[in-house]
Amino acid sequence: MNAARHIDVAPLPRMDNRNGWLEILPPLPPANVATGSHAFDYVVIGGGFTGLAAARRLAELNPDSSVCLIDAGRIGNNAAGRCSGFAIDQAHNIRATDFAVEIESEKNQITLNRAGQDYLRDVVQTHDIDCDWREQGKVHGAATPRGQELLKAYSGNLDLLGAEYEHLDATRMKQITGTNFYTAGLFTPGTILIQPAALVRGLAETMPANVTVFEDSPVTAIDYDQVQRLRTASAVITAPTVILANNGFASRFGFYDDHIIPISTFGSLTRQMTDEEIAILGGEISWGIIPADPFGTSVRRTADNRILIRNIYSYSPDLNSGEDTRLWARGKHERSFRNRFPMLPKLELEYTWGGPLALSRNGAPVFGKLADRVFASACHNGVGIARGTICGKLIAEDVSGQDSGLLQIMRNAARPSKLLPAFMMHIGIRANFAVRRMRAGREL
Ligand SMILES: Cc1cc2nc3c(=O)[nH]c(=O)nc-3n(C[C@H](O)[C@H](O)[C@H](O)COP(=O)(O)OP(=O)(O)OC[C@H]3O[C@@H](n4cnc5c(N)ncnc54)[C@H](O)[C@@H]3O)c2cc1C
């Protein structure tokens, strides 16, 4: 049984209206803001990939129960809707010396990610969600000898995993992207490219009938007891069982404080290219580049003829990033864009936005039961489309008393290790990021 506990929640998410992915969609219908008193069987806090999957799965498994999905803002304007839209199956470089253990763990991660992709695909197909879903893989791009070395190391890791890939030379990279910026590339087939805001809006709008979705309704306080009581500015919501699916913000709900590293990263989207610019650029109509250097730049060409740029990590102890950091990131995006596309001097960045990520020191997620009838799934370390989705689905299955091989993987996974004291984190992370940005050089 829970010892009764009251938590005032702060900070709350603060999202501007600069998210290009959302801004280019038709205007949203008015939000269903929570008002008055409500009682549900389950409440899921957070409408990103994790919470959307958790609410859907709870509703599927418990059709006679009521499920509430509550979000602080508009679904689509959150990190989920601000991301770069790479639903990745195989993400990591293997760095440990104990390859056998590391390979086993990496294979588990890939299995989880693919299960997340499968769940998303199923919902997208069933409800015909228009989100520019493209199963076309990703290309890791290098622009320097160091980048090429990183690609070589990555292909070695893929060999160890028995994974499929293809090396691409500079000519092929130009055929794909239209620019001769890249000197080499490595293609892996498992990634799905999507319009993220369109996908999460579609997921929210096609929830089963027993799910109530509240938006623009930040949870400002929670009382943990035999029944969990949530407060917003204009509502009180009770439910016996609550799932925290609000990523880094979960750490402000009384659990895992001092375990989650709050980071922001930034995206920019150009205006649509003119027919003339499309002809000058050449290349394929849709592609996605992941940087060979993790501190490099992700780039996409979207099907509606825009270019996406994503780079810069900044430490955000307040969990939100400010306007000055956004403007600084925009300057970096300008440079990254001009370096890659000098043939498009008049193509401007139309939107630049930031979004929160939650990392842990040891790369481990928050998953499972935190207290009696209080569960969480968070901290998916920057690959949240596939991983957040599968972990949201699995936490709902856990809550519903199910068991499976995938659930066992998540139950047995490590948990985030405790952070160093705040002043050390501030200095250490900022210095680390500055060095890695510098080392990325032209890859940025
Ligand atoms: C610019 C950028 C690019 C990225 N690119 C990729 C990519 O290409 N591929 C990929 O896999 N990942 C990418 N990511 C990471 C990805 O966005 C996250 O991993 C993913 O969104 C995590 O999903 P989530 O549901 O766990 O959390 P979130 O998407 O952060 O959702 C959490 C939700 O909780 C809500 N919330 C928080 N506090 C409260 C409260 N008090 N009350 C109510 N609601 C609350 C928030 O409003 C939010 O909607 C990127 C992230 C950014 C910022």
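What counts and how
- Residues numbered from 1 in each chain as written.
- Predicted model: local features only at pLDDT ≥ 70, side-chain atom pairs only at ≥ 80, totals over all residues.
- Heavy atoms only, no water.
- Helix = DSSP H or I, 4+ residues; strand = E, 2+ residues; numbered from the N terminus.
- Salt bridge = Lys/Arg side-chain N within 4 Å of Asp/Glu carboxyl O.
- Buried < 20%, exposed > 50% of the residue type's maximum accessible area, 1.4 Å probe, protein only.
- 1 Å grid on protein atoms, 1.4 Å probe; cavity = no way out; pocket = protein on both sides within 12 Å on 5 of 7 lines; lining within 4 Å.
- Points joined across faces, edges and corners; volume = space filled by probe spheres on them.
- Nonpolar A, V, L, I, M, F, W, Y, C, P; charged D, E, K, R; others polar.
- Near = heavy atom within 4 Å.
- Polar contact = N/O pair within 3.5 Å; in protein donor to acceptor, adjacent residues only side chain to side chain.
- Areas by Shrake-Rupley, 256 points an atom, 1.4 Å probe, with all protein chains shown as cover.

## So, the environment of Asp-372
Here Asp-372 shows up in the loop between strand S20 (366-371) and strand S21 (374-378). Put simply, Asp-372 and Pro-240 are 132 residues apart on the chain and 9.5 Å apart in space, counted from C-alpha to C-alpha.

## Here we look at the pattern of salt bridges
Evaluation of the coordinates by the stated rule reveals 28 salt bridges. Across the pair Arg-172 and Glu-284 runs a salt bridge whose closest N-O atoms are separated by 3.2 Å. Taken as a pair, Arg-172 in helix H6 (residues 170-177) and Glu-284 in the loop between helix H8 (275-281) and strand S16 (287-291) lie far apart in primary sequence, 112 residues in all. The salt bridge partner of Glu-205 is Arg-201, with a shortest N-O separation of 3.2 Å. In this pair, Glu-205 and Arg-201 both sit in helix H7 (residues 196-205), four residues apart, roughly one turn of the helix. The exposure class of Glu-205 is exposed, given its relative accessible area of 51%. One continuous salt-bridge network, built from bridges that share partners, spans Asp-16, Arg-18, Arg-82, Glu-323 and Arg-326.

## Comments concerning the layout of surface pockets
Roughly 310 Å³ of internal volume is contained in the second largest pocket. Taken together, 17 residues line the second largest pocket, and the ones lying closest to its centre are Leu-25, Pro-26, Asp-130, Ala-198 and Arg-201. Here the lining of the second largest pocket is built from residues that sort into eight nonpolar, four polar and five charged.

## Topic: the site of the ligand
Close to the ligand lie 36 residues, the nearest being Thr-50, Asp-71, Ser-84, Phe-86 and Val-219. Backbone polar atom of Phe-86 to a nitrogen atom of the ligand: 2.8 Å apart, as the coordinates give it. Relative to its unbound accessible surface of 990 Å², the ligand loses 96% to contact with the protein. Elements supplying a minimum of two residues to the shell around the ligand: helix H2 (49-61), helix H3 (79-82), strand S19 (349-359) and helix H10 (384-399). For the shell around the ligand, the leading source of residues is H3, giving three residues. Across the shell around the ligand, the residue classes tally to 19 nonpolar, 14 polar and three charged.

No statement about biological role is implied by the geometric values presented.
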